[in-house]
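Chain by chain, the residues run as shown.
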Amino acid sequence: MTDIPDQPEWAHIIRVATLLPNQVEAIELVPDAPARQIIGRDLDLLSLRKLRFLGELSPLGDRGWLLKAKLGATISQACVVTGDPVPARIDVPVIRHFLPDDTEYEVGGETEMPADDSVEPLGETIDIGAIMLESLSLA
């Protein structure tokens, strides 16, 4: 759970300043039934019976962090043609590289998106719950 107000109950905020540079942080998020119901409704799923996000956050170089995890979910969504329930099992790896953003961008200037979509800017916090939901949505 998070100690930051106004966050959903499945948020799992990690303050980067509390991470030890030589230690791996175990990650395990298993939202309960009420949280899964809210998540399923937000993602327009008919049901979200199981959801688990398991992995680790480890140091990456001098100032970065690497999240390696596995998302597992059992869902049911409506067929776009008939509307009938279509069950599916999702098991996907999730990798994120959190790196300091040492580049200053000109306001209004053009910037290119990095070719590697697993790279994210490293801020003061990392919301593992938001990454779990994003990964589920994309899967």
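What comes next concerns the included structure. (Residues numbered from 1 in each chain as written. Predicted model: local features only at pLDDT ≥ 70, side-chain atom pairs only at ≥ 80, totals over all residues. Heavy atoms only, no water.)

**A look at helix H1 (residues 33-42)**
For an α-helix the count is 3.6 residues per turn, leaving residues at separations of three or four pointing the same way. What counts is decided by this rule: A 1.4 Å probe rolled over the protein chains alone gives each residue an accessible area, and that area as a share of the maximum for its type sets the label: buried under 20%, exposed over 50%, partly exposed in between. Helix and strand assignments follow DSSP, with helices taken as H or I runs no shorter than four residues and strands as E runs no shorter than two, numbered in order from the N terminus. Taken from the helix axis, the directions to the C-beta atoms give the arc we talk about. Residues count as neighbours in contact if any of their non-hydrogen atoms are within 4.5 Å of one another. Within 3.5 Å is the distance limit for a polar contact, defined as a pair of N or O atoms, with the added protein rule that one can donate a hydrogen and the other accept it, and that residues adjacent in sequence qualify only through two side-chain atoms.
Every buried residue of H1 is accounted for by Ala-35, Arg-36, Ile-39 and Gly-40. The arc that holds the buried residues of H1, viewed along the axis, is 135°, so those residues lie on one side. Every exposed residue of H1 that faces more than 90 degrees away from the buried side is listed here: Gln-37, Arg-41 and Asp-42. Among the structural elements, strand S3 (47-60) and helix H2 (128-138) are those in contact with the buried residues of H1. Looking at where H1 begins, the residue whose side-chain oxygen comes 3.0 Å from the main-chain nitrogen of Ala-35 is Asp-32. Phi turns positive, to about 60°, at Asp-44, one or two residues after H1.

**Brief notes about unusual backbone geometry**
With a phi close to 60°, Asp-44 is a non-glycine residue in the positive phi region. With respect to the helices, strands and loops of the structure, Asp-44 is situated in the loop between H1 and S3.

**Notes on the environment of Lys-68**
Considering the arrangement of structural elements, one finds Lys-68 in strand S4 (residues 64-78). Judged by its relative accessible area of 46%, Lys-68 falls in the partly exposed class. Ignoring any residue separated from it by four or fewer positions in sequence, one finds Lys-68 in contact with Leu-54, Gly-55, Glu-56, Val-94 and Ile-95.

**Some thoughts on the sheet that holds strand S6 (residues 119-121)**
Convention followed: At least two bridges found by DSSP between two strands are what make those strands a pair. An axis is simply a line fitted to the C-alpha atoms; with a helix, the fit covers only the stretch in contact. Between two such axes, the angle follows the N-to-C directions and lies from 0 to 180 degrees.
Sheet architecture is open: 5 strands sit in the order S2-S3-S4-S5-S6, paired in mixed fashion. Unpaired on one side and paired on the other, strand S2 (25-29) and S6 mark the two borders of the sheet. For this sheet, the mean angle separating the axes of adjacent strands, direction not counted, is 25°. Bridge analysis of strand S5 (residues 85-99) against S6 gives 3 bridges, and the strand direction is parallel.

**A look at the pattern of salt bridges**
Let me state the cut-off plainly: When a carboxyl oxygen of Asp or Glu lies within 4 Å of a side-chain nitrogen of Lys or Arg, that pair is called a salt bridge.
For the structure shown, the criterion picks out 4 salt bridges. Glu-28 serves as the salt-bridge partner of Arg-52, at 3.0 Å between the closest nitrogen and oxygen. Of this pair, Arg-52 sits in strand S3 while Glu-28 is found in strand S2, placing the two residues 24 residues apart along the sequence. What makes Glu-28 partly exposed here is its relative accessible area of 49%. The closest approach of N and O atoms between Glu-120 and Arg-96, which form a salt bridge, is 3.0 Å.

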